[in-house]
Amino acid sequence: MASPPPGQRTEQPHLVSLVLQSKKALQHGQQLCSKANSLSNASAQCSVDVLALDAKVKWITEAILEQLKLAANVAKSIEHKRAQLDKQVKAWDVVRSRRTEALDNILESLGAHLVPPGFHQTSSGSSLFGSQHSLDGKNGNAFFNGQQSPSATVRDNSFDHHGKKNVDRTKWKTLRDFVDESAIENVLDTLESDRTRLDDIMASTYDYPETLSAAILSIRESLPSSSIVPSIEDILNAQQGTSELMARHLSSLTSHYEQMADALKISEAGETFGEEDLQDMNRDTEELPSIMAELEEQALSIEDAHQQLVTAKTAAQEQLATHSMTLDDLDELGEIMADMLQKQQGVENGCQELLDGLQQRLLVVEDLHHRFIQYQASFNKLLIEIGRRRLYREAAEKIVEGMMSQLRAMTEEERQVREDFNAEHGQHIPEDICLCIENPPTRWEVVPREGDVRETLPEVDGDLLAQAKEKLVVVDVLSAGTDSV
């Protein structure tokens, strides 16, 4: 450095411009670094808040998921209980179908079973069939109508007034005509009514599992699928690296300004700088815009990182707010589930009570079926019994007829013997001796005992007797097979 020639002193004021540029760059750099430092400090605090909020969100999310698992188990439990009820009802329906079908079959069989007219027309005779006993043990004819039982003994009117055999069976009654259809319909109607009530009770909670599942799915979908928190460590490390770069740039600006300020003082002291020194100063000053551009870019980088953390914090706070509403929904769901469980329990109790009653009604249907089977079997046996009694009566009548014929022959023979005796010896015996010698022999007549009447039996055609015997053989075979099983 030397005293400048007189012609070069005019170039020295250029140092003032360089100093001003350096100072302005330094001040701007200081502002950028100060702001970056403030943002870095705020980012550190914000990162703490983000981590705390994220931890709280995750904890609440896990708690909600656990509650949703319990709710799902409740839904499955209700569905399982409904499935069990459905299974019981279906099993009952199968038994019901089997028993009502069996009852229909026996009723159809009774409808095809002819009853000869002589079995159901009034008579003063005693009943051969006996009264039918009802299932309740109180009313003996609860399931038989008010007509005279086909078992009542009647006069034999199987012949018309011309004495011609009546073979028109299209007008004959059947065993079903003596069954009280209205009583059976009452049993079946009550059965159907209770079955409908069972469906209505079960339908009241039919949509519970689906409703719970939909509510659980809605709450689950409102939860965050994954954490939206950025990598705090990467952000802070990036900010730290950027801050260090900015500090180095600021240090360079400070050093440059100090150098330029010192050069200005030297210049003001009267010394001048050589051309090479001025070129160096100009070159260093020309690099200031690029340095400032880097500082601004780095400051923006720190601001972006800070904004990223602020955004994450805001998102976490929004999630917390959403979780608060979700927790309210979960509480409401809990109340709904408690109400559902209570109602489901009531439904189960009501259904079980109805099922027990329905089982009892099926026993009535089953007992009806057995009763009518016995009714038909007993009537078949009645036909056979009537046939047996007819044979007995005919045998007894033959004996009586034979006895009467024998007695008449004996009486006639005795009368002839007595007449011959009286004719030969009566004129020689005084009339006042043994007056009874003139008496004729006693004539006998075999009649029913006093108070009894001659037995009359309804007419049973041979084909009906044969059918009755065949049906009884089939019943015996089926009964034997059932017993062996």
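Residues numbered from 1 in each chain as written. Predicted model: local features only at pLDDT ≥ 70, side-chain atom pairs only at ≥ 80, totals over all residues. Heavy atoms only, no water.

How do you make sense of the overall build of the chain when you look at a structure like this?
In terms of regular secondary structure, the chain is built from 7 helices and 2 strands. Its helices and strands in sequence order give the chain the pattern α-β-β-α-α-α-α-α-α, from N to C terminus. A total of 485 residues make up the chain; the buried ones form 33% of that total. Of the contacts formed within the chain by residues at least 6 apart in sequence, a portion of 94% connects residues at least 24 apart. Total accessible area on the chain stands at roughly 29,900 Å², and carbon and sulfur atoms take up 52% of it. (Helix = DSSP H or I, 4+ residues; strand = E, 2+ residues; numbered from the N terminus. Buried < 20%, exposed > 50% of the residue type's maximum accessible area, 1.4 Å probe, protein only. Contact = heavy atoms within 4.5 Å. Areas by Shrake-Rupley, 256 points an atom, 1.4 Å probe, with all protein chains shown as cover.)

Which parts of the structure should I look at to understand the packing of helix H3 (residues 208-222) against helix H6 (residues 288-425)?
Where H3 contacts H6, the two axes come as close as 11 Å, and the packing angle between them is 170 degrees. Considering their axes alone, H3 and H6 lie roughly antiparallel with respect to each other. As H3 packs across H6, the resulting crossing turns out to be left-handed. Note on element contacts: H6 touches H3 through Thr322, Thr326, Asp329, Leu330, Leu333, Met337, Met340 and Lys343, opposite Tyr208, Thr211, Leu212, Ala215, Ile216, Ile219 and Ser222. Residue classes in the contact of H3 with H6 are distributed as 9 nonpolar, 4 polar and 2 charged. (Axes fitted to C-alpha atoms, helices over the stretch in contact; angles between N-to-C directions. Parallel < 35°, antiparallel > 145°, perpendicular 65-115°, else oblique. Left-handed = near helix turned anticlockwise from the far one by under 90°. Nonpolar A, V, L, I, M, F, W, Y, C, P; charged D, E, K, R; others polar.)

Would you take a moment to explain helix H2 (residues 181-203) for this structure?
Between its first and last C-alpha, H2 extends 33 Å over 23 residues, near the 33 Å set by a 1.5 Å rise per residue. Considered for burial, the residues of H2 that qualify are Ala183, Ile184, Val187, Leu191, Asp194, Arg195, Leu198 and Met202. Among the structural elements, helix H1 (14-111) and H6 are those in contact with the buried residues of H2. (Expected span 1.5 Å × (residues − 1).)

Would you take a moment to explain the pattern of salt bridges for this structure?
A side chain of one charge can pair with a side chain of the opposite charge when the charged atoms of the two come close. Tallied over the full model, the rule gives 19 salt bridges. With its nearest N and O atoms 2.9 Å apart, the salt bridge here joins Arg195 to Asp93. Highlighted residues: Arg195 in helix H2 and Asp93 in helix H1, separated in sequence by 102 residues. When its relative accessible area of 9% is taken as the criterion, Arg195 is described as buried. Its relative accessible area of 24% is what places Asp93 among the partly exposed residues. Asp463 is paired through a salt bridge with Arg169; the nearest N and O atoms lie 2.7 Å apart. You can see Asp463 sitting in helix H7 (residues 462-484) and its partner Arg169 sitting in the loop between strand S1 (114-115) and strand S2 (173-174), a full 294 residues away along the chain. Each of the salt bridges in this network shares a partner with another, and the network as a whole consists of Asp93, Arg195 and Asp199. (Salt bridge = Lys/Arg side-chain N within 4 Å of Asp/Glu carboxyl O.)

I'm lost on a nonpolar patch on the surface in this one. Help?
Taken together, the side chains of Ile399, Val400, Met403 and Val446 define a hydrophobic patch exposed on the protein surface, amounting to about 310 Å² of accessible area. Position of Met403 relative to the elements: it lies in helix H6. (Patch = residues over 30% accessible without salt bridge, like charges linked within 9 Å, V, L, I, M, F, W, Y side chains within 5 Å.)

Help me out: how do you make sense of a negative patch on the surface in this one?
A cluster of like negative charges, contributed by Asp328, Asp329, Asp331, Glu332 and Glu335, occupies part of the molecular surface. Inspection of the secondary structure assignment puts Asp329 in helix H6. (Lys, Arg positive; Asp, Glu negative; His and termini not counted. Charge placed at Lys NZ, Arg CZ, Asp CG, Glu CD.)

Any chance you could explain the nonpolar core here in plain terms?
In a soluble, globular protein the nonpolar side chains are often hidden away together inside. Counting residues in hydrophobic clusters, the biggest one holds 40 residues, and the most contacted among them are Leu103, Leu110, Phe119, Ile184, Leu198 and Phe372. Those elements that place two or more of their residues in this core are H1, H2, H6 and H7. For this core, the leading source of residues is H6, giving 14 residues. (Core = buried A, V, L, I, M, F, W, Y, C linked by side-chain atoms within 4.5 Å.)

Even after reading the chapter, I still don't get the confidence of the model for the chain, so can you show me in this structure?
For the chain, per-residue confidence averages 80 on the pLDDT scale, and 83% of positions sit at 70 or higher. Mean pLDDT per element in the chain: H7 is the minimum at 71, and H2 is the maximum at 93. Here residues 1-13 is modelled with pLDDT under 50, and outside its nearest four sequence neighbours on either side it reaches 16 contacts, counting other chains as well. Scored below 50 in pLDDT, residues 123-140 makes 37 contacts in the model with residues more than four places away or belonging to other chains. (pLDDT = per-residue confidence, 0-100.)

I would appreciate a short explanation of the environment of Ala63 in the present structure.
In this fold, Ala63 is placed in helix H1. Using a relative accessible area of 32% as the deciding quantity, one classes Ala63 as partly exposed.

I'm lost on unusual backbone geometry in this one. Help?
Backbone phi values are negative for most residues with the exception of glycine, while trans is the configuration of most peptide bonds. Non-glycine residue Cys434 carries a positive phi angle of around 50 degrees. Residue position: Cys434 is located in the loop between H6 and H7.

Even after reading the chapter, I still don't get the state of the cysteines, so can you show me in this structure?
Defined simply, a disulfide is a covalent bond joining two cysteines at their sulfur atoms. Taken as a whole and assessed by the stated rule, the structure comprises 0 disulfides. Counting only cysteine sulfurs, Cys436 is the nearest neighbor of Cys434, a cysteine outside any disulfide, at a range of 3.6 Å. Taking relative accessible area as the criterion, Cys434 reaches 44% and is therefore assigned partly exposed. (Disulfide = S-S within 2.5 Å.)

Just checking my understanding: could you explain the packing of H2 against H6 for this structure?
Here H2 crosses H6 at 160 degrees, and the two axes come no closer than 10 Å. Here H2 is positioned roughly antiparallel relative to H6, judged by the angle of their axes. Crossing handedness for the pair H2 and H6: left-handed. Within the contact between the two elements, H2 uses Ile184, Val187, Leu188, Thr190, Leu191, Asp194, Arg195, Arg197, Leu198, Ile201 and Met202 and H6 uses Val347, Cys351, Leu354, Leu355, Leu358, Arg361, Leu362, Val364, Val365, Leu368 and Phe372. When its residues are assigned to classes, the contact of H2 with H6 shows 17 nonpolar, 1 polar and 4 charged.

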